[in-house]
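Residue-level structure breakdown
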There are 2 protein chains.
Amino acid sequence: MTTRLVIIGGDAAGMSAATHVQRVHGDDVELVVLERSPYTSYSMCGIPFLVGHEIDDPEDLVVRTPEEFRAQGIAVQTGIEAVAIDGSRRVVRARQVDSGKEHEEPYDHLLYAAGAHPTRIPVPGGDEVGMVVHYLDEGVRLERALTALAGERDRGDHAGRVVVLGTGYIGLELAESLIQRGFAATLVDRSAQVFKVLDADMAAHVEQALRAFGVDVRLEVTVESLRMDGTRCQAVVTDAGEIPAELLVVAAGSRPNTAVAETAGCAVGVSGALVVDDRGRTTVDGIWAAGDCVEVVDLVADQRLNVQLGTHANKQGRIAGIDLAAVIGGAEGGDAHFPGVVGTAVTKLCGTEIARTGLTVTEATELGIEHAAVAFTGTAKAGYMPDPGEVHVKMVAERGSGRLLGAQLVGTRCAKHIDVAASWLMMGVTVQEAQLFDLSYAPPFGGVWDLLQVGCRKLVGELGLSPRL
Amino acid sequence: MTTRLVIIGGDAAGMSAATHVQRVHGDDVELVVLERSPYTSYSMCGIPFLVGHEIDDPEDLVVRTPEEFRAQGIAVQTGIEAVAIDGSRRVVRARQVDSGKEHEEPYDHLLYAAGAHPTRIPVPGGDEVGMVVHYLDEGVRLERALTALAGERDRGDHAGRVVVLGTGYIGLELAESLIQRGFAATLVDRSAQVFKVLDADMAAHVEQALRAFGVDVRLEVTVESLRMDGTRCQAVVTDAGEIPAELLVVAAGSRPNTAVAETAGCAVGVSGALVVDDRGRTTVDGIWAAGDCVEVVDLVADQRLNVQLGTHANKQGRIAGIDLAAVIGGAEGGDAHFPGVVGTAVTKLCGTEIARTGLTVTEATELGIEHAAVAFTGTAKAGYMPDPGEVHVKMVAERGSGRLLGAQLVGTRCAKHIDVAASWLMMGVTVQEAQLFDLSYAPPFGGVWDLLQVGCRKLVGELGLSPRL
């Protein structure tokens, strides 16, 4: 009898695994993918660019369609969501999203790659307010709503005002996209700073870029409800008064989608995500998990976190697929192990590039790690070049050892340079060592001392270490 | 009695050391700097931008002037060149460049930072042909000659044709600058490819960019002489015929300037540069050396090379300064050690970014290192973004161990990303490890798999290693 592998979730993690298992075992494995939406393998990070009309067709964000997967022997069932898992009987209870009709999917092995679900804002009465944008179908829906709104605005029906709730990646990118499309955009967040993955002083540079681009940023404000006139939104009601608006978009983060895996008894860790080992095995025999729904080890802090990023989902999916293919083939397991993360992330916003890796000062302090930090501003080209640009740099290192703990960059042409610091973190490099690494230099790209090395030198001084160059 | 430190050469290495010693010891050390040119501490790499009119004032390339150094207590003597060193008497024989008048400079400690001198093209009769551009004063002279030539061209006196000999960094950058200033530029080299620090297949992309920009590239051509009409150049005579031109610029590389140090008995290594330890000490007691005139250890190839780059000169100067300051203060030596290099270099040319680190396939082959290589083309943004750009990638790794040996990048927005590979080389990282590093991802900056990690994955396959993702 052929082995039956069921995969819950048809995006990056699930389909990376499916593709690998199919390549290794071909038709010897029956591959069934249950996907809630009409889409497979799409770039969630591309949604703001769709909303901002930098990309015209939602299909452009789809790496491979359900039809393409089917042609390759992977039975993708779209519009189907998993409801529960019976790990002893090895059966998934599944439901058609449209009809509500349920059926059972038996499995020999199960990969749970259900991703994360967005935070919604409930209001008294039970309904939620605003349009949430997380899945691609939601992105498409928002894009259509904005196009309708733009038409009304252009006819003079209203001013075309949109409030975005949430100042994470998606919220910030949406605010930019709205301005690009001629809307008045107000960005609202309960916290005292935008983009909480940066320290407040670095986030201030991001806020400045948003304001300069025309975004109205309002912090320490909580959204309470919408004031409606029939079906038309008049204003977003907050604890700091009303903000007149025709639309509220909610981008208030997302939580790992663990509920269905929990019905099988899969353990959830302190991070709220599924516990898996470095090959993607959950605590329940026969069930693997990967992607936005799992915990990862943060190598700098040595703690378990949930980090929702496509790059991890791809790697984890591949690794789980390698392990699954090996187990299906009768081996003990696969030879690929997820090493953990260091918290690297980048984005581009209103012409400003933003990057971070490792720990912020806030995080290092919370973890009780003795550290020193430096913050300074440099240029993206040699200072004598025309338009040398500006890069704000912040770096943190551990007292005593000098081990780099983290770096943050905000400014001109700096984002991908964070991968240098990320590599240092992956290898536990000290600032004493890194300051003398052979990094590149040419006037169009910076000064004789690379900015990260300027930071290392300053940190060596702050930490009282040697050699002090 | 105050200690007397004499420094030969007032550019990056010499002045980095001088500044450090002055900061530590103040007036307790008498600091004398002998500099041949009228300039100190200038950016040699900025000269092509001066020639290309991206920078208007040569003084912009000067980080600190002789006057500024003097005000800070460092006795800079410009227009003075060292002629010989008597290490037993601890005396430098120095000469005024203008008058030829000689005098002696006694020293307690000596730092030799005489840089490199450009290759000149001798022709029968003893004279050399063409304008050499290496030192800042030569850059200024070339800029003036071009301005005069442009005036003549605009009056219709001639066609404004310039031949550049040499396809290293400076030659390529000059050719670009000439096109930008409206000259017809022909680039000539004896070798069969441009930019020999890249493999030929990668250099072909550079050549293509040059041609697309309007540069006439002629390879495997040797310059023999100039055909003159009185004082006016008519054509550059080569072994492949004449190239009509009003000016020949020679950028045929440069050799470490060791002659004067050799008069003191300082050893020269296989690379042709001065042998120094990792604190900059030469083989002669009391004499240090740093910058373009010294040998460095290449950590990838484990051999000694001469690498002429401002970034190394700065670091080495600082390290020698730390050692000198310690020795002057009565200690055994300084605590800073130059770790060696991995051959990192970048440039930007005709809108194309070019970067390399470690070994090329050619170099790995010459060294007899068993290796595998991959070459492929990716994008600088996610493929679905508008104008995703194009990046040509080539990577080399060692058979057996999987240790990365080198990387080359040519294309859009890729140059500084070489520092990621350079960091891997500094730490001896394998492609198996690096393929799973937590590098950044966002659609404006590339795909879910970083291009260097795509290369690692391909190399793992080529080398038959695991895990194969």
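Residues numbered from 1 in each chain as written. Chains lettered and ligands numbered in written order. Predicted model: local features only at pLDDT ≥ 70, side-chain atom pairs only at ≥ 80, totals over all residues. Heavy atoms only, no water.

**Details of the packing of helix H5 (residues 169-180) of chain B against helix H6 (residues 200-213) of chain B**
Residue and element names in this part refer to chain B. At a minimum axis distance of 10 Å, the contact between H5 and H6 shows a crossing angle of 15 degrees. Between H5 and H6, the crossing angle belongs to the class labelled roughly parallel. Here the hand of the crossing between H5 and H6 comes out left-handed. Contact residues: H5 offers Leu 172, Glu 176, Ile 179 and Gln 180, while H6 offers Val 206, Leu 210 and Phe 213. (Axes fitted to C-alpha atoms, helices over the stretch in contact; angles between N-to-C directions. Helix = DSSP H or I, 4+ residues; strand = E, 2+ residues; numbered from the N terminus. Parallel < 35°, antiparallel > 145°, perpendicular 65-115°, else oblique. Left-handed = near helix turned anticlockwise from the far one by under 90°. Contact = heavy atoms within 4.5 Å.)

**Overview of the side chain of Thr 167 of chain B**
All names here are of chain B. On the secondary structure map, Thr 167 appears in the loop between strand S10 (161-165) and H5. Taking the relative accessible area as the measure of exposure, Thr 167 reaches 4% and is therefore buried. In contact with Thr 167, other than residues within four places in its own chain, are Leu 172, Leu 187, Val 188, Asp 189, Gln 193, Val 194 and Phe 195. (Buried < 20%, exposed > 50% of the residue type's maximum accessible area, 1.4 Å probe, protein only.)

**Examining the nonpolar core**
Counting 90 residues, the largest nonpolar core has Met 395 and Trp 424 of chain A together with Met 395, Trp 424 and Leu 459 of chain B as its most contacted members. Residues contacting Met 395 of chain A, with those up to four places away along its chain left out, are Ala 372, Ala 373, Val 374, Leu 404, Gly 406, Ala 407, Leu 452, Gly 455, Cys 456 and Leu 459 of chain A. (Core = buried A, V, L, I, M, F, W, Y, C linked by side-chain atoms within 4.5 Å.)

**Looking at unusual backbone geometry**
Residues and elements named next belong to chain A. Geometrically, the link from Ser 466 to Pro 467 is a cis peptide bond, its omega value of 0 degrees lying close to zero. Turning to its location among the elements, Pro 467 is positioned in the segment after helix H12 (451-463). Positive phi outside glycine occurs at His 53, with the angle close to 65 degrees. For His 53, the position within the fold is in the loop between helix H2 (47-51) and helix H3 (66-71). A relative accessible area of 41% means that His 53 is categorised as partly exposed. Non-glycine residue Glu 220 carries a positive phi angle of around 55 degrees. Relative to the helices and strands, Glu 220 is located in the loop between strand S12 (216-219) and strand S13 (223-229). Look at Glu 220 and you get exposed, because its relative accessible area is 57%.

Such coordinate-based values are descriptive only and should not be taken to indicate function.
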